[in-house]
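Listed below, chain by chain, are the residues.
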Number of protein chains: 2
Amino acid sequence: MTDSGAEIPARRGTRTKPALTRQAIVGAALDLVDRAGVDAVTMRSVADRLGTGPASIYRHVTGKDELLELVLDRVLAEVAVPPPHPEDWRGPLIALAREVRRVLLAHNDIAAVAMSGPPVGGNPARIAEALLAILRTAGFPDQVCAWAVDRLSLYVTADALDTARQRVMGHDGPAAAQRRWAQVAQYYRDLPADRFPHTVALRDALFADGPVDRFTLGLELFLDGLAARRNG
Amino acid sequence: MTDSGAEIPARRGTRTKPALTRQAIVGAALDLVDRAGVDAVTMRSVADRLGTGPASIYRHVTGKDELLELVLDRVLAEVAVPPPHPEDWRGPLIALAREVRRVLLAHNDIAAVAMSGPPVGGNPARIAEALLAILRTAGFPDQVCAWAVDRLSLYVTADALDTARQRVMGHDGPAAAQRRWAQVAQYYRDLPADRFPHTVALRDALFADGPVDRFTLGLELFLDGLAARRNG
DNA sequence: CCAGCTTGCGAACATCGTTCGCCTTATGCG
DNA sequence: CGCATAAGGCGAACGATGTTCGCAAGCTGG
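Definitions and limits used
Residues numbered from 1 in each chain as written. Chains lettered and ligands numbered in written order. Predicted model: local features only at pLDDT ≥ 70, side-chain atom pairs only at ≥ 80, totals over all residues. Heavy atoms only, no water. Helix = DSSP H or I, 4+ residues; strand = E, 2+ residues; numbered from the N terminus. Buried < 20%, exposed > 50% of the residue type's maximum accessible area, 1.4 Å probe, protein only. Contact = heavy atoms within 4.5 Å. Core = buried A, V, L, I, M, F, W, Y, C linked by side-chain atoms within 4.5 Å. Least-squares fit on C-alpha atoms with pLDDT ≥ 70 in both. UniProt positions renumbered as here; feature names shortened; annotations may be inferred. Salt bridge = Lys/Arg side-chain N within 4 Å of Asp/Glu carboxyl O. Expected span 1.5 Å × (residues − 1). Buried area = accessible area lost by both parts, 1.4 Å probe. Polar contact = N/O pair within 3.5 Å; in protein donor to acceptor, adjacent residues only side chain to side chain. Near = heavy atom within 4 Å. Nonpolar A, V, L, I, M, F, W, Y, C, P; charged D, E, K, R; others polar. Phe/Tyr/Trp six-rings, centres within 6.5 Å; stacked < 30°, edge-to-face > 60°. Axes fitted to C-alpha atoms, helices over the stretch in contact; angles between N-to-C directions. Parallel < 35°, antiparallel > 145°, perpendicular 65-115°, else oblique. Left-handed = near helix turned anticlockwise from the far one by under 90°.

> Hey, could you run me through the overall build of chain A in this one?
Across its full length, chain A carries 12 helices and zero strands. Ordering the α and β elements of chain A from the N terminus gives α-α-α-α-α-α-α-α-α-α-α-α. Evaluated residue by residue, chain A yields a buried proportion of 48% over its 232 residues. Residue pairs in contact within chain A that sit at least 24 positions apart in sequence constitute 66% of those at least 6 positions apart.

Here it is, written out as structure tokens:
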């Protein structure tokens, strides 16, 4: 639905301009996301990048919301889904979760769009179908499959957003983001030891990255719990 | 830090106006959040509610970001933290997670603020300390405690935001939210059965709420996985 | 009683999403 | 081939937003 229909731009003579199609508009918006984050996507900035004005965009897209949803759908098209495996469900599940996270993080804080509304479009459905395939092939009960897809999607999206925010953080460069995060870490380090004994005791562990990253750890907690609900 | 210092409004005669203090400003903003969501919080709307103009607010708050962080901190002050228990860590952990979620959801989509930046303020630290206390008293390794707090906070916040969005959704009333969500459900129901066999097969389970809600299920998956990492 | 600092606030600026109305251009039809 | 009709492009503007400026009013300390 929506996107990939044949959409001939009805080319006018030989213009240097890259026409003005949904594809081109979405591509320009995606470029802006990659370069400066979702907040940098403005009707005007997208229009500028296409050498036109803001009003022209509304001939191809109903508004900014739809535009961002189209951008997200295009991003999720990059996700390669692994096939289900009847004997090993953890492998494909971890692979898919990491793949979705990788793709989202490859496009800055695009995860913010995924968190701002329900998943719509062909590619979210495609990914959900792949998750369900892995779980159902492994023999999980239907209700567990349904809930697992829901919780897993939420966790992956939330982590991607959280991780991305520590990189871009608002409207200034990634340098300011790191500075601000170090500042937060310092705040927790300087808490009074009498009222926050455990926090102070763990001040090193709290901000350390171990042999396995936080995302994978949380994911495996999830999967361990899931394993206990197989065929139950 | 920041908030609860003695801040005498230097009362001028007997004005009917509620002075104009940080407390009053945060209170007005919180009222707006409760009534119409975070997006309804505008420098102008907050000022109107206090019978003044937008510029006045900047004498007590550096900007909108800080204002929303103060609102979040005041909301989190409502969270009652349970004491740790050396024999039962699951009980207090589930109680605290549900309490945080309850408080966040009691204030509309305030969770959006929590997701838009790192946790700052006295109350996030207080809650983190309580989580650490529960886990450390139960004898978990330090690194596991640190990661668990991080993942648990992320999960609770993300779920609260997700749940709230299904209620308020954007700028119109909750009626439009329910309508839009039903529309999404219909989209998944109408997917072609040949390319989305599992999704179609589970169409009822995907949107059904069972004896236990989605949040608690995900939480228990987490805790099951955590149990396996005790003293390991 | 006055100097100086805090606080309140009217006005304005830049930027945003979106709409209106007019013009150009391509297309279908005779 | 010529023309009417519809679709696409775009300048200008509207309303709303976050934030800043500069001045006035008030309190405070001497």
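> Would you mind showing me how to read the nonpolar core here?
It is characteristic of soluble globular proteins that their nonpolar side chains tend to be buried jointly. Core analysis: the largest hydrophobic core is formed by 138 residues, its most contacted members being Val46(A) and Val46(B). Those residues in contact with Val46(A), other than ones at most four positions away along the chain, are Ile25(A), Ala28(A), Ala29(A), Leu32(A), Val41(A), Ile57(A) and Leu67(A).

> Whenever I open this one, the environment of Asp190(B) confuses me. Can you help?
Relative to the elements of secondary structure, Asp190(B) occurs in the loop between helix H9 (174–189) and helix H10 (197–201). For Asp190(B), a relative accessible area of 54% gives the class exposed.

> Please clarify how the relation of the copies chain A and chain B should be interpreted in this entry.
For the pair of chain copies, the relating transformation is a rotation about an axis with a translation along it. Overlay of chain A on chain B (RMSD 0.1 Å): rotation 180 degrees, translation along the axis 0.0 Å. Look at the turn and shift together and you get a two-fold axis relating the two. The overlap is high: 98% of the interface residues of chain A also sit at the interface in chain B, so the same surface is used on both sides.

> What is the right way to read the UniProt feature "DNA-binding region" (unreviewed entry) in chain A from this model?
Per the UniProt record, "DNA-binding region" (unreviewed entry) is annotated on residues 42–61 of chain A. Segment residues 42–61 of chain A splits into 55% helix and 0% strand. End C-alpha atoms: 13 Å apart.

> I tried to follow the pattern of salt bridges on my own but got confused; where do I start?
When their charged atoms lie close together, side chains carrying opposite charge are able to pair. Here the structure, examined in full by the defined rule, presents 28 salt bridges over all chains. When the shortest N-O distance is used, the salt bridge between Arg151(A) and Asp150(A) registers 2.9 Å. A relative accessible area of 3% places Arg151(A) in the buried class. Overall, the relative accessible area of 22% leaves Asp150(A) in the partly exposed class. Three or more residues are tied together by salt bridges with common partners; here these are Arg101(A), Asp159(A), Arg214(A), Asp150(B) and Arg151(B).

> In this structure, what is going on with helix H5 (residues 90–105) of chain A? I would like to understand it.
Along an α-helix, residues three or four apart share an orientation, since each turn contains 3.6 residues. Residues and elements named next belong to chain A. In a regular helix each residue adds 1.5 Å, so 16 residues correspond to 22 Å; H5 covers 22 Å between its end C-alpha atoms and thus fits that length. Within H5, burial applies to Pro-92, Leu-93, Ile-94, Leu-96, Ala-97, Glu-99, Val-100, Arg-101, Val-103, Leu-104 and Leu-105. Looking at the packing, one finds that the buried side of H5 touches helix H4 (64–76), helix H6 (111–115), helix H7 (122–137), helix H8 (142–165) and helix H12 (214–227).

> Explanation requested: the interface of chain A and chain B in the structure shown.
A common way to report how large an interface is uses the accessible area buried once the components associate. The interface is formed by 61 residues belonging to chain A together with 60 residues belonging to chain B. For the pair chain A and chain B, the summed buried area comes to about 5,500 Å², and 65% of that belongs to carbon and sulfur atoms. Our count for the chain A to chain B interface comes out at 10 salt bridges. Ionic pairing is found between Glu69(B) and Arg180(A), a salt bridge with its closest N-O pair at 3.2 Å. Between the two partners, chain A and chain B, sit 20 residue pairs in polar contact (both at pLDDT 80 or more). Elements with a minimum of two residues in the side of chain A that touches chain B: H7, H8, helix H9 (174–189), helix H10 (197–201), helix H11 (203–206) and H12 of chain A.

> Help me out: how do you make sense of the protein's contact with DNA strand C in this one?
Taken together, 20 residues surround DNA strand C, and among them Arg44(A), Thr52(B), Ala55(B), Arg59(B) and His60(B) come closest. Among the atoms of DNA strand C lying within 4 Å of the protein, the sugar-phosphate backbone contributes 38%. Contact distances for DNA strand C include 3.3 Å between a base nitrogen and a side-chain N or O atom of Arg44(B). Thr52(B) is positioned with one of its side-chain polar atoms (N or O) 2.4 Å from a phosphate oxygen of DNA strand C. For the surface near DNA strand C, the secondary structure elements donating two or more residues are helix H2 (43–49) and helix H3 (54–57) of chain A together with helix H3 (54–57) of chain B. For the surface near DNA strand C, the class distribution of residues is seven nonpolar, five polar and eight charged.

> Help me understand unusual backbone geometry in this model?
Glycine aside, residues mostly have negative phi angles, and peptide bonds mostly take the trans form. Residue and element names in this part refer to chain A. At Asn-108, a position not held by glycine, the phi torsion is positive, near 55 degrees. Residue position: Asn-108 is located in the loop between H5 and H6. Judged by relative accessible area, Asn-108 falls into the buried class, the value being 16%.

> Whenever I open this one, the side chain of Ser45(B) confuses me. Can you help?
All names here are of chain B. Note that Ser-45 resides in helix H2 (residues 43–49). There is a polar contact of 3.0 Å between the side chain of Ser-45 and the backbone oxygen of Ala-40. Within the local environment of Ser-45, its side chain forms a polar contact with the backbone nitrogen of Thr-42, the two atoms lying 2.8 Å apart.

> How should I be thinking about H12(A) in this particular structure?
Given a rise of 1.5 Å per residue, 14 residues ought to cover 20 Å, and the 20 Å separating the end C-alpha atoms of H12(A) matches this to within 8%. Taken across its 14 residues, H12(A) has 11 buried, putting it largely inside the fold. Listed in full, the buried residues belonging to H12(A) are Arg214(A), Phe215(A), Thr216(A), Leu217(A), Gly218(A), Leu219(A), Leu221(A), Phe222(A), Leu223(A), Gly225(A) and Leu226(A). Check the buried side of H12(A) and you find it contacts H5, H7, H8 and H11 of chain A together with helix H8 (142–165) and helix H12 (214–227) of chain B.

> Is there a simple way to explain the packing of aromatic side chains in this structure?
How two aromatic rings sit relative to each other is set out by the distance from centre to centre and by the angle between their planes. What the rule picks out here adds up to 15 aromatic pairs over all chains. Seen in terms of ring centroids, Trp89(A) and Phe140(A) are 5.0 Å apart; in terms of plane orientation they differ by 90 degrees. Their pairing is edge-to-face. Residue Trp89(A) is found in the loop between H4 and H5, and its partner Phe140(A) is found in the loop between H7 and H8; the two are separated by 51 residues along the sequence. The class for Phe140(A) is buried, based on a relative accessible area of 4%. Between the aromatic rings of Tyr155(A) and Phe222(B), the centroid separation amounts to 6.5 Å while the plane-to-plane angle is 80 degrees, which identifies the pairing as edge-to-face. In this pair, Tyr155(A) is assigned in helix H8 and Phe222(B) in helix H12, connecting two distinct chains.

> Is there a simple way to explain the packing of H5(A) against H7(A) in this structure?
Helix packing geometry: the angle between the two helix axes and the distance between the axes. All names here are of chain A. Contact geometry for H5 and H7: axes closest at 10 Å, N-to-C directions at 165 degrees. The orientation of H5 with respect to H7, classified from their angle, is roughly antiparallel. Here H5 runs over H7; the crossing is left-handed. Every residue of H7 that contacts H5 at Pro-92, Leu-93, Leu-96 and Val-100 is listed here: Ile-127, Ala-130, Leu-131, Ile-134 and Leu-135. Looking at the contact of H5 with H7 residue by residue, the class counts come to nine nonpolar, no polar and no charged.

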